[in-house]
Each structure stands twice: as C-alpha cells, then as structure tokens.
Amino acid sequence: MQKVFKLSLFALVVLLFSQSAFAQQTSGSDTTITSIEADLINLFNQKTPKKYKVAAIKVTGNRFFDENLLISIANISVGDEIAIPGGDQFAKAINKLWGQNYFSDVEIYVTRVAGKEIDLEIAVTERPRLSNFYFKGIPKGQQDDLRGKTGLVPNRVVTENMKITASEVIKKFFAEKGYRETSVKVVERKDSSMNNTLALDFVIDKGSKIKINNINFGDNTEDAAKLKKQLKGSKEKSRLTLYPLQDSSRIVTPDNYTFEEYLQEKGFLTFSKTKRVLNPYVRIKLSSAKFDEKKYLEDKESLLDYYNTLGYRDAVIEKDTVYSVGKGLLNIDIKMNEGRKYYFGNIAWRGNTKYSDSILTTILAIRKGDIYNQEVLNKKLGKSSSPDGGDISGLYQDDGYLFFRAEPIETAVYNDTIDFEIRLIEGPQATIKNVRITGNDRTKEYVIRREIRTIPGEKFSRQLLIRSIRELAQLNYFNQEKITPNPVPNQEDGTVDINYSVEEKSSDQLELSAGWGGLIGLTGTLGVSFNNFSAKNLFRKSAWDPLPMGDGQKLSLRIQSNGKAFRSYNFSFTEPWLGGKKRNALTVSVFNTKYGQTYDPITGYYDPSVANSRYISTTGVTASIAKQLKWPDDYFSLSMGVNYTRYKLSNYAIDPTNLPGFDNGVVNNLNLRIALQRSSIDQPMFPRTGSNFMASLQITPPYSLINSNINPADNPYKWIEYHKWRFNGEWFVPLGKPHGEDRNKQFVLRFAAKYGFVGRFNTDLKVSPFERFQVGDAGLTNQFALLGFDIVAHRGYPVYETSNPRVNPDQQRASQYFTIFNKYTMEMRYPLSLNPSSTIFALGFFEAANGWYSFKDYNPFQLRRSVGLGMRFYLPMFGLLGFDYGIGLDRFTGTNSMKDAARFTFMLGFEPE
C-alpha cells in the first residue's frame, strides 16, 4: 500500500535544521519512497526559498465549525502564494486558529506538490464541549441559585477561562453570604453518552462563615458608637449586653465568662429549689455580623458622607485593615483623618433679579455659624432635585425659569469658616411649546390630556409637572412607576417640549364563583368592574376589542346569590368629566338585595319563596355629582348625592331590643349626602406621601318636626329620619431613604383616624336602627349592609355590641349597633413588589376602636386595642386580597391565652373601614 506522506509544521521546522537526520531516517526505512513523498522531501530540502501557489485547501477534524469559516480565520486562500521554506503564513494561520480557544491542537499539512502548486490540509482537534455541570457540597437551594449565575451553558466549548470565571462567580456568591474562605475544585469527567464532551463537577467547600468580631476606629474625635451606626451593612458580632433597670450602665459579657456564669455573678440569674429564674429587667441585644465586602465598600462611602454632614469636608479614611483573628472572625481597623471641622460663613448672592437677597436667604435657611454641610447646601439650592420643593431651583422653575442654574463658589476659607458666593443664572422664562404622549395603547389621548396640568402656551412649572404625574397615577390606568415626563428645553427660542411616556396596565376587575347546594340551589358571584370604559362606543362593533375601552368611564355590574337564602344585584356608572370640560363626576347606581330565612321541616332549609317567610328586601337608587374645587386648593372636592332606599320587611325584626313587635312593613329612607374631601396622595395603590380627608353629612328630612302623623304607630319607621356625621383622615409619611435595587422601595408610615355619629331630630323618638355602625371583625359581612349599617372593621376582635373593652364574645353579629364610634390606626408598610401586575406590601399595625350608644356613655379613651401583621395583594383582575393576623390586647383575661385573643381576618375586593 502506498504511504501518504504529510509534513506538519513541527516537521517542517525540523527539516529545515536537520536535513541529514531526515535523510538518514528515510534511507533506513524498508518502505520504498514514492514520487509524491520525494517531491515533499525536496520541497523542504531546497536551499533557496521558492513561491508556491495554493491550489486546494481542506479542513479535517471539525465537527461543529464550518469549513469555510475556519479557512477564513486562518487567512489562507486558494491562489495565495507561499514561500517555502522561510514563509510565516503557516505560523500565523495556526496562531489565529489557536487564539479562538476552540481547539486543543492545530496542524497544517502539505498533501501534494505539483510543479509550482501545493495542496494544504488544516487538521484541528476540537476542545471538548460541556454536556452538563454539577455543584457538590452545598444544599440544593444554593445549587439552584448558582445555576443561573455562573454563565455555564451546555454544548459550549470547555475552556480554562470558562472554569475560572465560574469558580470566581461561586466564590463571590458565597462571599456575599459571609463565606470569604470558600474554595472551589473543578473536576472534569468524560461523558460517555456523547462524543468529545465533558461534565464538570464544582466541588465547593464554603468553610466557616466569616463574622465581624470588632470594628476599631483610630484618630477619631467623633463618638465611635455613632460612627459604627453608619456602617449599615457591617455590624459587629452579637454580644450579651445587659441593661439592669436599677443601673443605667452598660455591661458587656467578658470573653472568659459563660452565659450562665456571668448572669449568676451579676445577679441576673437566681436559683430556687426547682428552677432557675432570669430577672425581668434583663435585655439581650443581638445583631447580624456577616461580612460582605461589597457592603463594606458602600459603608465606607456612607461613613465619609456622615463626616461631611458634620462639617468635616476634608475627612478621609487614611487606612483600613481587614484581618482574620481566627475561628471564623475578623477585625476591621479604620484609621480616620478627620481634618478641620468647618462652619458656614457669609453667603452672598449674585445675578438675582427676580427675587431679593432676603427672600433667597430665607428659603436657603442657612445661617452664618451653621455647621458646614455640602449635602444640605446642594439640596437647598435644588441641585439634588426633590419633588417636595422648598428649594431655590424649585422657586424659579415653578415660575417658568427652566434654564435656571445656581453655582455655589467658595470665596474665602479662613480658620474654620467658609464664605460662599452663590451665582445665579436665571435665564428667560420658558414657555411650553408641545406636549406629546406615548405608550397609551388603550386610553384615548384626550383622557390623558385633561389630567395634565402642563398646557402648551403657558409658562413651565416644575410643580405642575409633578402634579401631572400624580393625576395620571390616580387614574390607575398606567404603571405608576413608569410615568415619566421628559422636558426637552430649547434655549434658542425659550420654549420647552414635554414628552410624557406611559405604560398601560389592566385596571379592570373580575369576580367569579359558582356552586350548587342541592335544595339550596345555585350559589355564586359574578362581578365585573371596567375602570376605563367607553359608553359612547358601546354599540360600535369595531370598538369591542374585547370591550369598548379608553374613555375613562367606570361601569360596574355584580350579581350574587346564595341559593334561596340571599341574592343581590348591583349596577353603577360614573362619568368623571361630565360635559368634557370640567372635572364634574356624575355617578348613578341601582341595587336590589333580598335576604330571607324560613325553616321548612321537610327539606331542612330556609326558603324565602314560601309564604309567610322571614325576609328583608332592599331596593335603592343613588345619583351624585362631585365637583373639584379651586379653594382652599384644587386638592379639594365637594360631592352631593340623593339616595332613596326602600326596605320591605316580612317577619323580620330589625330592632327587637328597642322596638319589639315591629317586624312587618315598608321602610323608606330618602336622604341627601354632602361630602367635602381633600386628597393629595401620590398614587392610589401604594401611597408614599400625601393625605386623605373626608367630612360628610347624610341627612333626611325631619319628618316628625314637620308632620307628627307621617309615621303611624304600627310602623314608626315608615319614613326614617336621622342625621349622620362622618370624618375620615389618613396621612402617609415616607421613612428614611429607599432600599434595594428598586429605589422606590421604602418604609411608609400610615396614620388614620375615623369618627362617626348618628343623631335624631326629635328627642321624643329613638335613634333610627338604620344607618348605624357595626364595629369589629373584618368588615366583609353582607347581611348587615341590608339595613344600611356602616361596617367598621377592627382587626383582632369579633363584632361587638358593648362599650366595655373587656367584653368580647366570639360572635359574627350583634343584636344592636352603635350610634357613635372612634377608630385609630397606625401602620408601618413596606412594598415587596411594585409591579403593576401584582402590587404586594407587608404591614404591621396598631389599632384602637370602640363604639357607644350615647354621648352620656362616650369616653374617647375607652378603646379596644390590637396589634398584628398583614399582607396586601393588588391584582389587576381581582382587586385587593388581604390577610391580617391581629391580637386583641383587651381580649386577654385570666383564662384567655394569646391563641384565644388572636384572630385571622381576610378581605377581598376592597379595604374595609
């Protein structure tokens, strides 16, 4: 068989420097040298380099890469001339292919010589590819967390860089969890199921979690304890810290004492014959001490920022050392160079023509002798924008000076005092030229424009821009976190274009449930609420996609049935801009409800369809109009509404305590309701700032004073009369700075106070049993709303009917309801998700409430108190879902435990009062 002779690059080099050795090797062979082999030998034995033209190129060994791609990378083409020996084209081609990191070996062969032409073969050995990868030595949960972080993807070429990068990611992952000594060993395994593939095992040894033992400050004059508080992400390890009431000194457990020994020696632990007793005045303080290098770097910046607020503008961390002290502990030594503490000196104004020096100085609110604080200076000048206003820049920009700039210049530094000259460039007043809106795929543009306060042709105002964002958020049609106005100023003509970008979200709600209860019949609920409805397109077939939407109207339909015992129909419609020119909201609603109970001994069920059954039927209609006011400010609105409700009773006693025997007849409730409201919250779903106030009066004609015979003796409530007063107030206060990656997440404190009173016109009559206040439980019971009760929820308590806070029988309804109530709430809220598809926040609450029957018994300090935790979920299609776990503090008695005093409540569709 003829032997095909190929010369690799290495062989070519060897031939150039050891021709005689090669000759001896071939002459000693038993195989006869063919003419092809002789041509190849002569090719590299010639003393003078000659140029040969490449006639053909082929690639071998490639499975995943295109042949033409590899030839292109090698940069050798058919027709190229190559000098042999002496040319460097082969070496360059090998280096280029090798540099791709896809091959473990690259060789170039000359396979044929014909005159001045040669054929080439590029032989590559591809690196193994990744078949799979595994993490060893760590829990499954951490394996799942790491899988998406390492950047490893099956079927990619396995390289050293891939393994090193993945190992570094693993080490960083555990370093952030406090494991700074994590080691990673990479083990390669051939995968027999696939050719030329490897499985990688990352064997992980996390080591001990590294905690901070001590943080030591050096060369500092400021209190070290206050400096440590600035290191939010770097805390010392927990120590037993004792605070005895009879001694205000702070005692730290020495390292050579055990927990029990130390308590016993200091008198905090005493022994009886049967048990050990820990004295009640001991408090143990704990803290997390995990070391996170990323957070430590952030903490150092926070430390310098803190120093700057104290006047140390030249403060630097001269040196910081992090070192191990064994047993998984490390110390941090921080050496400070605080520099001099500075104070504000004289502040002069230059360039101001609109406002006087005295006005600007008053708004700046920085006096000579105040501690120097660059952050406060920038905030007061408006260089760090704040929606709250109250700064120099806001003063000018609210009056159209969009191009305004303020530059503080240090004019003198003497001893510990710094004088400033604040140079103002007022510029011209900017006029709004164009207002553009993008992203409104569903909502009609005119619906958005009527809410926007920045109008073309008017002066620019930052406050009106912020107000426009609020008004758009209040519509609840858009993702509140994505409403972004972008002012585009044009200094040449003194105008500004404002581009509003919005992102539509679903604000409609669906309520659907169904069941079959045998003899009870069909049970269930069907409810829909369209919050961006278009009534004028209701009969246009092309507008149903899937429903006519986009005109900002609200339509609600709800049908509820509990078999033969209960059914309810509700309809309401709201036009928020009646007439289209002013914010005058018209609302019309109609409802009909029937609740009945008649016991049938044969079926064992209550059946309201049976003659002489016990039931109450309620039918009502309401029409109201609300108008936005301009005084005292345009956050106020005034609404007026007329309501008529008709109650039909059959063997249904509504007031057995005060009026026994009255259980049949028709009751009419015609009333006028007037409400004054002010709302300045920033958004409806998760308010962070602002407040809500509402004062209302619901009043009927004083029939008994006009005509004493209007109500017959057998039906004293034929035309009920009353006057009902309500006041609700709530405030939202953001606490601290936003947390986490989402800069909108921060704690929010909510305060709320609510009051109610129902009175009578005629002292000879009793207060109407209708329109009273049911207090307690979750506020979800529909049955009592039949009589017009205002349902006031009180978490941690059942419905109660006495004013004594210690009397709280576990009941779902009461026999009578209050005419006066007070309720106070304080909540601490934190958002877990602000996504428009699911707004979720957690809360902790303290609540106090109670009810009374007359002012004679009224005691505003006699309240039932509760504490607890809760969650809220706002889902676009279902509205509110809420869970609360409340503990009624006044439910603790000599026999009740915490379990007996706790109550789990659930809310759906709305936030109860």
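Structural data are supplied above this passage.
Anyway, here's the lowdown on the structure attached to this text.

1. A look at the sheet that holds strand β19 (residues 484-490)
Moving on, step 1. The strand order β18-β20-β19 describes an open sheet built from 3 strands, whose pairing is mixed. Edge positions in the sheet fall to β18 (431-438) and β19, since each of these pairs with one other strand and no more. Pairs of neighbouring strands in the sheet enclose a mean axial angle of 20°, with direction left out of account.
Moving on, step 2. Sheet analysis places β19 next to strand β20 (residues 495-501), joined by 7 bridges and oriented antiparallel. Looking at β20, one finds that P487 is bridged to I498.
Moving on, step 3. Packing against the sheet, helix α15 (residues 462-475) makes contact with β19 and β20, and its axis sits at approximately 20° to β20.

2. Some details on the pairing of strand β31 (residues 747-759)
Moving on, step 1. Of the pairings in the sheet, the one linking strand β30 (residues 723-735) to β31 comprises 13 bridges and is antiparallel in character. Within the sheet, the bridge partner assigned to L735 lies in β31 and is F747.

3. Thoughts on the packing of aromatic side chains
Moving on, step 1. Applying the stated criterion across every chain, the model contains 37 aromatic pairs.
Moving on, step 2. Judged by centre distance (4.3 Å) and plane angle (10°), the rings of Y396 and F404 are stacked. For the pair Y396 and F404, one class covers both residues: buried.
Moving on, step 3. With a centroid separation of 5.4 Å and 50° between ring planes, the pair formed by F883 and F906 is classed as tilted.

4. Digging into helix α7 (residues 160-175)
Every α-helix winds through 3.6 residues per turn, so residues three or four apart in the chain are directed the same way.
Moving on, step 1. Under the 1.5 Å per step criterion, the end-to-end length of α7 is 22 Å for 16 residues, consistent within 8% with the ideal 22 Å.
Moving on, step 2. Taken as a whole, α7 has its buried residues at M162, K163, A166, S167, I170, F173 and F174. All buried residues of α7 fall inside an arc of 125° around its axis, so they share one side. Summarising the geometry of α7, the exposed residues directed more than 90 degrees from the buried face are E160, N161 and K172.
Moving on, step 3. Among the structural elements, β5 (129-136), α6 (140-147), β6 (183-190) and β7 (197-205) are those in contact with the buried residues of α7.

5. Topic: the packing of helix α4 (residues 67-74) against helix α5 (residues 89-98)
A pair of packed helices can be characterised by two numbers: the angle between their axes and the separation between those axes.
Moving on, step 1. It is the contact of α4 with α5, at a shortest axis distance of 8 Å, that shows an interaxial angle of 120°. Our classification of the angle between α4 and α5 gives oblique. Here L70, I73 and A74 of α4 lie close against α5, whose contacting residues are A93, K96 and L97.

6. Observations regarding the sheet that holds strand β15 (residues 343-350)
Moving on, step 1. The strand order across the open sheet built from 3 strands is β15-β17-β16, with neighbouring strands paired in mixed fashion. Taken across any chain shown, the strands that pair with only one partner, and hence form the sheet edges, are β15 and β16 (405-414). Mean inter-strand twist for the sheet, computed between neighbouring axes without regard to direction, equals 25°.
Moving on, step 2. When β16 meets strand β17 (residues 417-425), the two strands line up antiparallel, connected through 9 bridges.

7. Overview of the side chain of S617
Moving on, step 1. Considering the arrangement of structural elements, one finds S617 in strand β26 (residues 614-628).
Moving on, step 2. Those residues in contact with S617 that sit more than four places away from it in its chain are N592, T593, K594, R646, Y647 and K648.

8. A short note on the pattern of salt bridges
Moving on, step 1. The full count for this structure, using the stated rule, is 45 salt bridges.
Moving on, step 2. Between R795 and D884 there is a salt bridge, with the nearest N and O atoms lying 3.6 Å from each other. Of the two residues, R795 is situated in the loop between β33 (790-792) and β34 (820-835) and D884 in strand β37 (residues 879-888); the sequence distance between them amounts to 89 residues. Comparing R795 with D884 shows no difference in burial state: the two are buried.
Moving on, step 3. Taken together, the salt bridges that share partners define one network made up of E730, R750, R795, K823, E827, R829, E847, R872 and D884.

9. Observations regarding the nonpolar core
Side chains that are nonpolar tend, in soluble globular proteins, to be buried together.
Moving on, step 1. Counting 28 residues, the largest nonpolar core has I616, L649, I654, V667, Y717, F770 and V775 as its most contacted members.
Moving on, step 2. Discounting residues that sit within four places of it in the chain, F770 has contacts with Y647, I654, V667, Y717, I720 and L787.
Moving on, step 3. In terms of nonpolar packing, the next biggest core, distinct from the first, is built from 24 residues, F90, L97, V110 and V124 among them.

10. Topic: the environment of N68
Moving on, step 1. Counting through the fold element by element, N68 comes out in helix α4.
Moving on, step 2. N68 sits 10 residues away from K58 along the chain, and the two C-alpha atoms are 9.0 Å apart.

11. A few points about a nonpolar patch on the surface
Moving on, step 1. On the surface, L578, I625, L638, M640, V642, L670, L672, I674 and L676 cluster together into a nonpolar patch covering about 660 Å² of accessible area.
Moving on, step 2. Contributing elements (two or more residues each) for the nonpolar patch: β27 (636-650) and β28 (665-679).
Moving on, step 3. In terms of residue count, the dominant contributor to the nonpolar patch is β28 (4 residues).
Moving on, step 4. With respect to the helices, strands and loops of the structure, L676 is situated in strand β28.

Rules behind the numbers
The numbering scheme is per chain: residues are counted from 1 as the chain's sequence reads. Note on the predicted model: pLDDT of at least 70 is required for a residue's local features to be given, and 80 or more for side-chain atom pairs to be given and counted; whole-chain, interface and lining totals, by contrast, use all residues. Processing note: side-chain calculations cover all non-hydrogen atoms of the structure and skip hydrogens and water entirely. A pair of strands counts as paired when DSSP detects no fewer than two bridges linking them. Put simply, DSSP H or I for four residues or longer makes a helix, DSSP E for two residues or longer makes a strand, and each gets a number counted from the N terminus. For helices, the axis comes from a line fit to the C-alpha atoms of the stretch in contact; other axes are also lines fit to C-alpha atoms, and the angle between any two N-to-C directions lies between 0 and 180 degrees. In this description, contact between two residues means that some pair of their heavy atoms is separated by no more than 4.5 Å. Aromatic pairs are defined between Phe, Tyr and Trp rings, using the six-membered ring for Trp, whenever the two ring centres lie within 6.5 Å; interplanar angles under 30 degrees are classed as stacked, those over 60 as edge-to-face, and all others as tilted. Whether a residue is buried, partly exposed or exposed follows from its accessible area with a 1.4 Å probe, protein chains only, as a fraction of its type maximum: under 20%, in between, or over 50%, in that order. Helix span is expected to be 1.5 Å times the residue number reduced by one. Directions are taken from the helix axis to each C-beta atom, and the arc is the one they span. Orientation categories follow fixed angle ranges, with anything under 35 degrees roughly parallel, anything over 145 roughly antiparallel, 65 to 115 roughly perpendicular, and all other angles oblique. Criterion for a salt bridge: a side-chain nitrogen of Lys or Arg within 4 Å of a carboxyl oxygen of Asp or Glu. For our purposes a nonpolar core is just a set of buried Ala, Val, Leu, Ile, Met, Phe, Trp, Tyr and Cys residues, chained together by side-chain atoms within 4.5 Å. Patch construction takes residues with relative accessible area above 30% that form no salt bridge. Like charges are linked within 9 Å, and nonpolar side chains (Val, Leu, Ile, Met, Phe, Trp, Tyr) are linked within 5 Å. All accessibility values rest on the Shrake-Rupley procedure with a 1.4 Å probe; residue burial counts only the protein chains present in the view.

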